[in-house]
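Chain and residue survey
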Amino acid sequence: MLQFPNFDPIAIRLGPVAIHWYGLMYLTAFGSAWLLGRWRIKHHKTTLTMRDLEDIIFYGVLAVVAGGRLGYVLFYKPAYYLAHPLEIFYLWEGGMSFHGGLIGVTLMMLWLARHRGYRFLMVTDFVAPLIPLGLATGRLGNFINGELWGRASNLPWAMVFPQSGDGVARHPSQLYQLGLEGLALFILVWWFANKSRPLGQVTAVFLMGYGFFRFVAEFAREPDNFLGLLAAGLSMGQWLSLPMVVFGAALFIWAAKQSPSQQK
């Protein structure tokens, strides 16, 4: 049994200004997306331009924050926020949803595709390989904060997270998610995207990969105490991930059946 290191959530103090690790993780996530996107443009892996990439990063920040927050409100605590609507804007108190952020980014990409004259799936195929490393840094931020810990475990690497308040050794599920949704998904999608593929298949692999990895990792993650496990003994994260796998598989098959002229 291990003891959680109990990191200071503040990475840098500059007088009255405190820079939190979680904020640095967001900065690192978008920085890695910019570097990876620049590489793909430079190596002719897309017809999108640097201006497109810069706009995707800029509007992506807004989409992730707005979508992530609204997703958390609607998927996890709708009744609470209906009774306390002003607290929707209390971002400093935490509460973000990946699935909500994904919806926000998807709408942003749809808007950009329409205004720049690109096919929507061409934009999503470009963006999909840029996302997983950012997810990895986000899970690292969760671990540093000692939040979103795992279920009780007697494995040798189980940890006691002081924030849980019960002294029970638990799976460090944040690190599982870092490895699965972050690093493993990045390797899979990046490898797949580096060869010519039918339009939409890179997006499909990302959706299937994330949905599958998140579904598996959730078996080790403690469900939110205000929700618990839902139907069939699955968590909210698992129920939100299943449609990603189904839609991704359908998109993959559909893309493979399109004629070469339709795939451009």
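Residues numbered from 1 in each chain as written. Predicted model: local features only at pLDDT ≥ 70, side-chain atom pairs only at ≥ 80, totals over all residues. Heavy atoms only, no water.

A separate point is the overall build of the protein chain. Helix and strand counts for the protein chain come out as 10 helices and 5 strands. The C-alpha radius of gyration of the protein chain comes to 19 Å, within 12% of the 18 Å expected for a compact globule of 264 residues. Once the C-alpha set of the protein chain is aligned to its principal axes, its extents read approximately 60 × 50 × 40 Å. When burial is assessed residue by residue, the protein chain has 46% of its 264 residues classed as buried. Counted over contacts in the protein chain with a minimum sequence separation of 6, partners at least 24 positions apart contribute 67%. Summing over all exposed atoms, the protein chain offers an accessible surface of approximately 13,700 Å²; the carbon and sulfur share of this is 69%. Between the centroid of the 20 positive side chains of the protein chain and the centroid of its 13 negative side chains there is a distance of 13 Å. (Helix = DSSP H or I, 4+ residues; strand = E, 2+ residues; numbered from the N terminus. Rg over C-alpha atoms; globule rule 2.2 N^0.38 Å. Buried < 20%, exposed > 50% of the residue type's maximum accessible area, 1.4 Å probe, protein only. Contact = heavy atoms within 4.5 Å. Areas by Shrake-Rupley, 256 points an atom, 1.4 Å probe, with all protein chains shown as cover. Lys, Arg positive; Asp, Glu negative; His and termini not counted. Charge placed at Lys NZ, Arg CZ, Asp CG, Glu CD.)

Let us look at the pairing of strand 2 (residues 10-14). Note that strand 2 and strand 3 (residues 17-20) share 4 bridges and pair antiparallel. Bridged to Ile12 within strand 3 is Ile19. Between the end of strand 2 and the start of strand 3, which pair antiparallel, lie 2 residues, with Gly15 showing a positive phi angle near 65°. (Pairing = 2+ DSSP bridges.)

The angle between the axes and the distance between the axes are what describe a pair of packed helices. At a minimum axis separation of 13 Å, helix 1 (residues 21-42) and helix 7 (residues 173-193) run at an interaxial angle of 15°. When the axis of helix 1 is compared with that of helix 7, the two are roughly parallel. In this structure, helix 1 crosses over helix 7, and the sense of that crossing is right-handed. For the pair helix 1 and helix 7, the contacting residues are Leu36, Trp39 and Arg40 in the first and Phe186, Trp190 and Ala193 in the second. Across the contact of helix 1 with helix 7, the residue classes break down as 5 nonpolar, no polar and 1 charged. (Axes fitted to C-alpha atoms, helices over the stretch in contact; angles between N-to-C directions. Parallel < 35°, antiparallel > 145°, perpendicular 65-115°, else oblique. Left-handed = near helix turned anticlockwise from the far one by under 90°. Nonpolar A, V, L, I, M, F, W, Y, C, P; charged D, E, K, R; others polar.)

Let us now look at the pattern of salt bridges. Summed over all chains, the structure comprises 9 salt bridges. The salt bridge partner of Arg116 is Asp52, with a shortest N-O separation of 2.6 Å. Of the two residues, Arg116 is situated in helix 4 (residues 98-116) and Asp52 in helix 2 (residues 50-75); the sequence distance between them amounts to 64 residues. By relative accessible area, which is 24% here, Arg116 ends up partly exposed. (Salt bridge = Lys/Arg side-chain N within 4 Å of Asp/Glu carboxyl O.)

On to the nonpolar core. With 22 residues, the main nonpolar core has Ile56, Val123 and Phe126 as its most contacted residues. If near-sequence neighbours (up to four positions away) are discounted, Phe126 is found in contact with Gly37, Arg40, Ile41, Thr46, Leu48, Leu53 and Ile56. Judged by nonpolar contacts, the second largest core, of 15 residues, contains Leu102, Ala128, Phe206 and Tyr210. (Core = buried A, V, L, I, M, F, W, Y, C linked by side-chain atoms within 4.5 Å.)

For the rest of this paragraph, the subject is the packing of helix 2 against helix 4. Close contact between helix 2 and helix 4 brings their axes to 6 Å; oriented N to C, the two are set at 145°. Judged by the sense of rotation from one axis to the other, the crossing of helix 2 with helix 4 is right-handed. Here Arg51, Asp52, Asp55, Ile56, Tyr59, Gly60, Ala63, Val64, Gly67, Gly68, Gly71 and Phe75 of helix 2 come into contact with helix 4, specifically with His99, Gly100, Gly101, Ile103, Gly104, Val105, Met108, Trp111, Leu112 and Arg116. Here the contact of helix 2 with helix 4 is composed, by residue class, of 10 nonpolar, 8 polar and 4 charged.

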